[in-house]
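Here are the chains, one letter per residue:
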Amino acid sequence: MNSLDSNIQEHYDRQGLDEAILAALTAAGKDISHLKPEDLAPIDEFHIRGREATRELASQVQLNSSHKVLDVGSGVGGASRFLASEFGCRVTGLDLSDEYCRVARSLANRLGLDSLVSHLQGSALDMPFEDNSFDIVWTQHATMNIADKPKLYSEIARVLQPNGYFAMYDVLAGPVSPLYYPVPWAPDSSISFLTTPDKLCELLNASGLRIMGWRDTSEIGREWFKEVAAKMQQQGESPKLGFHILLGPDFRLMAQNQVLNLNENRIVLIECVAQKPA
Ligand SMILES: C[S@@+](CC[C@H](N)C(=O)[O-])C[C@H]1O[C@@H](n2cnc3c(N)ncnc32)[C@H](O)[C@@H]1O
């Protein structure tokens, strides 16, 4: 593993994460021997607007039980378990973080989804898959850490079957810079590599993918953060289940910066679907 990848891994890895998630679920009143995918949604959908954003992206590609899906940068596996349980498709998660893959496997096992879902430690820049292996390549809030974007999108196009779809929901660079750090994906600029919407279109075209759908969801993201803040104020405390379990002690500052970056157009949220031609 190169030093950039180990810095990214170090940023995300949390020792004892599995146990911390189970303890938080128990504290929130969930029965951990009978967990359902929705019990985990506040913690395992590690992107702005959580499960809602995943449902919306899934509605852009017609998933069914015959599909093989690759989730690039799958984190603790929330989307993989949701897609498998909702549509019956088979999902492979690929993530740099060993600890996240371990947690993703353990949660899939608890939910009885391990025949449909698997998680592999590896890099999006060197995917351990044959050409044309997947019907859908999916990614949410993972490409921000990846510097070599031409290689990333060419790997995505390579492992996609002809006529297959690439579905993405990502944080891109807005018209204003620089970013406020730390952010949930990086303590500073050393592991943060945002691309602009224009550049992303160029990159997708250059990798041979045809853009079929494009949606800027930044304003919906701002509204979502307002609702989350209002709910927390009403309840008078932070929820027991949330991204703080994944992000550790800097969570509050990261969350504040995320909101500032979004409100000041330093980041934008883009949902996009592209197809690999036949
Ligand atoms: C913010 S998390 C998002 C996780 C998941 N997609 C979700 O939305 O819940 C970003 C993930 O991308 C992974 N990641 C970053 N760079 C990667 C790379 N080069 N290859 C594979 N995974 C990577 C990180 O390890 C982390 O799990």
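Our subject is the structure listed above.
Just so it is clear, the model here is predicted, and its values are computed rather than measured.

Q: How should I be thinking about the site of the ligand in this particular structure?
A: Surveying the vicinity of the ligand reveals 21 residues, the closest of which are Phe 46, His 47, Gly 73, Asp 95 and Gln 140. One nitrogen or oxygen atom from the side chain of Asp 95 is found 2.6 Å from an oxygen atom belonging to the ligand. For the ligand, a nitrogen atom lies 2.8 Å from a polar atom in the backbone of Gln 140. Compared with its free state, where it exposes 600 Å², the ligand has 98% of that area covered by protein.

Q: Please clarify how the packing of helix α2 (residues 17-27) against helix α6 (residues 98-110) should be interpreted in this entry.
A: What describes two packed helices is the angle between their axes and the distance between those same axes. At their nearest, the axes of α2 and α6 sit 9 Å apart, and the two run at 45° to each other. Between α2 and α6, the crossing angle belongs to the class labelled oblique. For the pair α2 and α6, contact is made by Leu 17, Asp 18, Glu 19, Ile 21 and Leu 22 and by Glu 99, Tyr 100, Arg 102, Val 103, Ser 106 and Arg 110, respectively. For the contact of α2 with α6, the class distribution of residues is five nonpolar, one polar and five charged.

Q: Mind showing me how you'd approach the sheet that holds strand β4 (residues 134-140) here?
A: Picture the strands of a sheet paired through backbone hydrogen bonds; they go either parallel or antiparallel. Strand order in the open sheet made by the seven strands is β3-β2-β1-β4-β5-β7-β6, with mixed pairing throughout. In this open sheet, the two strands that pair with only one neighbour each are β3 (117-121) and β6 (210-216). Recorded for the sheet is a direction-independent mean angle of 15° between the axes of neighbouring strands. Looking at chain direction, β6 and strand β7 (residues 267-275) are connected through six bridges and run antiparallel. Counted as the bridge partner of Gly 213 is Val 273 from β7. Lying over the sheet, helix α4 (residues 50-58) contacts β4, β5 (160-173), β6 and β7, oriented at roughly 150° with respect to β4. Across the face of the sheet, helix α5 (residues 78-87) comes into contact with β1 (68-72), β2 (90-95), β3 and β4 while running at roughly 155° to β3.

Q: Mind showing me how you'd approach the pairing of β4 here?
A: On a regular strand, one side chain projects to one face of the sheet and the next to the other, so that they alternate. Burial runs high along β4: seven of the seven residues are buried. Pairing between β1 and β4: three bridges, direction parallel. Each bridged residue has a counterpart across the sheet, and for Leu 70 the counterpart in β4 is Val 137. Bridge analysis of β4 against β5 gives six bridges, and the strand direction is parallel. Considered in β5, the bridge of Gln 140 is made with Tyr 169. Handedness of the β4-helix α7 (residues 149-159)-β5 crossover: right-handed.

Calculation criteria
- Residues numbered from 1 in each chain as written.
- Predicted model: local features only at pLDDT ≥ 70, side-chain atom pairs only at ≥ 80, totals over all residues.
- Heavy atoms only, no water.
- Near = heavy atom within 4 Å.
- Polar contact = N/O pair within 3.5 Å; in protein donor to acceptor, adjacent residues only side chain to side chain.
- Areas by Shrake-Rupley, 256 points an atom, 1.4 Å probe, with all protein chains shown as cover.
- Axes fitted to C-alpha atoms, helices over the stretch in contact; angles between N-to-C directions.
- Helix = DSSP H or I, 4+ residues; strand = E, 2+ residues; numbered from the N terminus.
- Parallel < 35°, antiparallel > 145°, perpendicular 65-115°, else oblique.
- Contact = heavy atoms within 4.5 Å.
- Nonpolar A, V, L, I, M, F, W, Y, C, P; charged D, E, K, R; others polar.
- Pairing = 2+ DSSP bridges.
- Buried < 20%, exposed > 50% of the residue type's maximum accessible area, 1.4 Å probe, protein only.
- Right-handed = clockwise from strand over helix to strand, strands pointing away.

Just distances and angles here, no functional claims.
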